[in-house]
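# Topology and contacts: notes
The primary structure of each chain is shown beneath.
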Amino acid sequence: MLRLPPFRYLAPRTVEQAVELLAQEGEQAMLVAGGTDLYPNMKRRQVTPPVLIGLRAITSLKTMSGSPEQGLRIGAGVTLSRLASHPLVQEQYPALATAAASISTPQLRNMGTLGGNLLLETRCNYYNQTEFWRRSIGYCMKKDGDVCLVAPGSPRCWAISSADTAPVLVSLDARVRLVSARGERVLPVRELFRDDGLVPYTRAWDEMLTEVLLPPADGWRSVYLKLRRRGSFDFPILGVAAALRLREDGTVIGARLTLGAVASHPVEASEAAGLLLGQRLSPELIDEVAVTAAKRAKPLDNADLTINYRKQVTPVFVRRALKQLMEESTE
Ligand SMILES: Cc1cc2nc3c(=O)[nH]c(=O)nc-3n(C[C@H](O)[C@H](O)[C@H](O)COP(=O)(O)OP(=O)(O)OC[C@H]3O[C@@H](n4cnc5c(N)ncnc54)[C@H](O)[C@@H]3O)c2cc1C
Ligand code: SF4
């Protein structure tokens, strides 16, 4: 049985207390929300924080407010179950509801939060293993070693951004609020990510994610498609988040396409999305966009299924996502 390493647990009741504690305890301390990513990682000794600051008692992190006209404010501590079943999210931001519903299992979705999902540790077949397994192959650059076992000549880590809500929130043009004892800032969610498997977030060590801000729905429709080996539960090996805004005559006046699980950060296929602007959706146009978008995916051999398969299936999933939006727009 894998056991947790020892740690001190602090349970603040407000955001102010939490960020104060974080500043006091220093860089070694970590925040924990649902713990469905962090605790398994601690059991595998990928991280061994001496102090955990639990966020479960902070009620303000669990609130949702707003409207389709104003946009939604979703607390970082809102669970994935609640997000997936929220009528307004299902109706106005359906890609987010789909993504949340596709994450892990019902029990884990009852514990797992939106904030924890956005800040999920990057994943790799050589890393998401027990300490014993990793020791037997001499570890890797991400923890305890100095070489990347996927690309041994590379100076960087290529671990994958596998959070299902991340590409969706990029396509929805969401923003996030980060709070620390020094102050707070709001930034577009796309700026939360870095193209680096070792340090994948721009969040400073003393900052806490407190909420996600969705813009007004404003006629945008969205869809999320996920490829995984097991349909019941599994991390994505490809995620396609598409959002479109159409005029009444069917002309596309807004388009965003984001690929998940193909790099260390959600990858925006902006050139492909640009091809849709000013056009009406047609099977030919969708084919062209799908092929262009798929060029942005450069999977490496560090996730489930073969690279070749994952490459070939990318345009198929983009095509399916756009077809779904086309069919919905003509219903
Ligand atoms: C079997 C299994 C299957 C899974 N399948 C999927 C899947 O299909 N897709 C998927 O995306 N995920 C999956 N997960 C991962 C996980 O369940 C989800 O990503 C979940 O949303 C994580 O949220 P959490 O609240 O439990 O995060 P935690 O484990 O509490 O935290 C995760 C990280 O975020 C940080 N953090 C948490 N909250 C904050 C905050 N407010 N501010 C700053 N930092 C914060 C923590 O310090 C930690 O580094 C799976 C996990 C398991 C065990
Ligand atoms: S991409 Fe390379 S360095 Fe990063 S976790 Fe995988 S093997 Fe380790």
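The sections below set out a description of the structure shown in this document.

Criteria and thresholds
- Residues numbered from 1 in each chain as written.
- Chains lettered and ligands numbered in written order.
- Predicted model: local features only at pLDDT ≥ 70, side-chain atom pairs only at ≥ 80, totals over all residues.
- Heavy atoms only, no water.
- Core = buried A, V, L, I, M, F, W, Y, C linked by side-chain atoms within 4.5 Å.
- Buried < 20%, exposed > 50% of the residue type's maximum accessible area, 1.4 Å probe, protein only.
- Helix = DSSP H or I, 4+ residues; strand = E, 2+ residues; numbered from the N terminus.
- Contact = heavy atoms within 4.5 Å.
- Near = heavy atom within 4 Å.
- 1 Å grid on protein atoms, 1.4 Å probe; cavity = no way out; pocket = protein on both sides within 12 Å on 5 of 7 lines; lining within 4 Å.
- Sits in = over half its atoms within 2 Å of the grid points.
- Nonpolar A, V, L, I, M, F, W, Y, C, P; charged D, E, K, R; others polar.
- Salt bridge = Lys/Arg side-chain N within 4 Å of Asp/Glu carboxyl O.
- Polar contact = N/O pair within 3.5 Å; in protein donor to acceptor, adjacent residues only side chain to side chain.
- Areas by Shrake-Rupley, 256 points an atom, 1.4 Å probe, with all protein chains shown as cover.
- Pairing = 2+ DSSP bridges.
- Axes fitted to C-alpha atoms, helices over the stretch in contact; angles between N-to-C directions.

Ile74, Leu96, Leu118, Leu169, Val189, Leu192 and Leu214 are the most contacted members of the largest nonpolar core, which totals 39 residues. Residue assignment for this core shows that the elements contributing at least two residues are strand 5 (71-75), helix 3 (80-85), helix 5 (94-101), helix 7 (114-118), helix 9 (165-171), strand 6 (175-180) and strand 8 (208-214). If you tally residues by element for this core, the top one is helix 5, at five residues. Excluding its chain neighbours within four sequence positions, the residues that come into contact with Leu169 are Leu96, Leu114, Leu118, Ala174, Val189, Val212 and Leu214. Within the second largest apolar cluster, 36 residues are counted, among which are Ile237, Ala261, Ala290 and Ala321.

A word on the site of ligand 2. Neighbouring ligand 2 are Cys124, Tyr126, Tyr127, Cys140, Met141, Lys142, Cys148, Leu149, Val150, Cys157, Trp158 and Ala159. Most atoms of ligand 2, that is more than half of them, are within 2 Å of grid points of the largest cavity. Split into classes, the residues belonging to the shell around ligand 2 amount to 11 nonpolar, no polar and one charged.

In this structure the tally under the stated criterion is 22 salt bridges. Of the charged contacts in the structure, one is a salt bridge between Glu211 and Arg73, with a shortest N-O distance of 2.9 Å. Taken together, the positions of Glu211 in strand 8 and Arg73 in strand 5 put the pair 138 residues apart, joining distant regions of the chain. Arg73 gets classed as partly exposed once you look at its relative accessible area, which sits at 41%. Here Asp196 and Arg194 are joined by a salt bridge, their closest N and O atoms 3.6 Å apart. Each of Arg73, Arg177, Glu184 and Glu211 takes part in a single network of salt bridges with overlapping partners.

With that out of the way, let us pick up the site of ligand 1. Lining the immediate surroundings of ligand 1 are 33 residues, of which Leu31, Thr36, Thr113, Asn117 and Asp164 lie closest. At 2.5 Å from an oxygen atom of ligand 1 is found a main-chain nitrogen or oxygen belonging to Leu31. In the environment of ligand 1, an oxygen atom lies 2.6 Å from a nitrogen or oxygen atom belonging to the side chain of Thr36. Expressed as a share of its isolated accessible area of 970 Å², the protein-covered part of ligand 1 is 92%. Breaking the shell around ligand 1 down by element, the ones donating at least two residues are strand 2 (30-32), helix 7 and strand 8. It is strand 2 that provides the largest number of residues to the shell around ligand 1, a total of three residues. Of the residues belonging to the shell around ligand 1, the class tally is 18 nonpolar, 10 polar and five charged.

A sheet is described by the order of its strands in space; here five strands give the open sequence 4-5-8-6-7, paired in antiparallel fashion. Each of the sheet's edge strands pairs with one partner strand only, and the pair in question is strand 4 (64-67) and strand 7 (183-188). For this sheet, the mean angle separating the axes of adjacent strands, direction not counted, is 15 degrees. Examined bridge by bridge, strand 6 and strand 7 share six bridges and lie antiparallel to one another. Bridging across to strand 7, Arg175 finds its partner in Pro188. Along the sheet face, helix 1 (residues 15-25) touches strand 6 and strand 8 and points at about 135 degrees away from the line of strand 8.

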